[in-house]
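Letter by letter, the chains look like this.
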Amino acid sequence: MKKSLRQTALAYRNELQPEEIKALSQEISASLSTLLQTFQPCTVGLFYPTRREPNVLEIMNDLALKGFHWALPVCCESPTGAFLKFAQFAPNDELEPGRYDIPVPKFKSWVQPDVLLIPCLAFHRAGARLGYGAGWYDRTLSQMPEKPVTVGVAYALTEFQDNFSEQHDELLDYVLTERELIFSHSGTS
């Protein structure tokens, strides 16, 4: 089921033109700013957009979020398996290619996000998130002693009506699209 859903969501995303992605990203970022302002200044785990994901990196320049700190995920290996660590990041920090050629901070100062933004290939309102299938975020969240508030970032048209979550999936607290903010009562945080 998930393979078919991934193909459908990727097909939608591949049809998006750069100007559409920019417009949708700006709408998502505006709502994200409003949501983040409900929290005290804290550390927010961002993501570097790839494969036509929404780009919310400009949020770092939002004056309403002065005092917030930012981080980007870095794919790491350990004896117990692959997981994400989060490196502090600011708008002018130097980046280098990480795993999958996704940019990561060149100089790594590890932090624990209080709020974690997670890109969604597709989602369900109950907090289920569909990624690319490697399980990076699920593994990482399951190993965190203190779970951050999780916010899935998605395009509204990638919502699926059937709940595709499985037992090992870490459910999101919120899903944010260009149309709405969805609070999931079944989130794990």
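Rules behind the numbers
- Residues numbered from 1 in each chain as written.
- Predicted model: local features only at pLDDT ≥ 70, side-chain atom pairs only at ≥ 80, totals over all residues.
- Heavy atoms only, no water.
- Helix = DSSP H or I, 4+ residues; strand = E, 2+ residues; numbered from the N terminus.
- Expected span 1.5 Å × (residues − 1).
- Buried < 20%, exposed > 50% of the residue type's maximum accessible area, 1.4 Å probe, protein only.
- Arc of directions from axis to C-beta.
- Salt bridge = Lys/Arg side-chain N within 4 Å of Asp/Glu carboxyl O.
- Pairing = 2+ DSSP bridges.
- Contact = heavy atoms within 4.5 Å.
- Axes fitted to C-alpha atoms, helices over the stretch in contact; angles between N-to-C directions.

Student: Got a sec to walk through helix α1 (residues 2-15)? Specific residues and values, please.
Tutor: Given 3.6 residues per helical turn, the α-helix brings residues three or four places apart onto the same face. End to end, α1 covers 20 Å across 14 residues, agreeing with the expected 20 Å (1.5 Å per residue, within 8%). Those residues of α1 lying buried are K2, L5, R6, A9 and R13. Taken down its axis, α1 places every buried residue within 100° of arc, on the same side. Projecting away from the buried face of α1 at angles above 90 degrees are the exposed residues K3 and E15.

Student: An account of the pattern of salt bridges is needed here, citing residue identities and associated values.
Tutor: A full pass over the atoms with the stated rule returns eight salt bridges. A salt bridge links K106 to E94; the shortest N-O distance between them is 3.5 Å. With K106 in the loop between β5 (103-105) and β6 (110-111) and E94 in the loop between β3 (81-89) and β4 (95-97), the pair connects residues that are 12 residues apart, well separated along the chain. Relative accessible area serves as the criterion here: at 37%, K106 is assigned to the partly exposed category. E94 gets classed as partly exposed once you look at its relative accessible area, which sits at 45%. Here E159 makes a salt bridge to R125, at a shortest N to O gap of 2.7 Å. Note that E159 is positioned in the loop between β10 (149-153) and β11 (174-176) and R125 in the loop between β8 (122-123) and β9 (129-130), a separation of 34 residues in sequence. Overall, R125 belongs to the partly exposed group, its relative accessible area being 35%. Sharing partners across several salt bridges, the network here consists of K2, E166 and D169.

Student: Provide a residue-level description of unusual backbone geometry, including the pertinent values.
Tutor: With a phi angle near 50°, R51 is a residue other than glycine that sits in the positive phi range. As for its placement among the helices and strands, R51 is situated in the loop between β1 (43-45) and β2 (69-78). By relative accessible area, R51 is classed as partly exposed at 48%. Even without a glycine there, the phi angle at Y100 is positive, about 60°. Looking at the element boundaries, Y100 is found in the loop between β4 and β5.

Student: Describe in detail the environment of G133, supporting the description with residues and values.
Tutor: Turning to its location among the elements, G133 is positioned in the loop between β9 and α3 (136-143). In this structure, the C-alpha to C-alpha distance between G133 and T150, residues 17 residues apart in sequence, is 18 Å.

Student: Account for the pairing of β10, with residues named and values stated.
Tutor: Counted residue by residue, β10 has four buried out of five residues, so it is predominantly covered. Pairing between β10 and β11: three bridges, direction parallel. If you follow G152 over to β11, its bridge partner there is V175.

Student: Explain the sheet that holds β11 to me, and be specific about the residues and the numbers.
Tutor: With respect to topology, eight strands assemble into an open sheet ordered β6-β3-β2-β1-β7-β10-β11-β12, the strand pairing being mixed. Where the open sheet ends on each side, the last strands, each with one partner, are β6 and β12 (181-183). Relative to β10, strand β7 (residues 115-119) runs parallel, the two being bridged by five bridges. Residue L116 lies in a different strand from β10, and its bridge partner there is T150. Running over the sheet, helix α2 (residues 18-36) touches β1, β2, β7, β10, β11 and β12 and is turned about 145° from β11. Sheet strands in contact with α3 are β2, β3, β7 and β10, and its direction is about 80° off that of β3.

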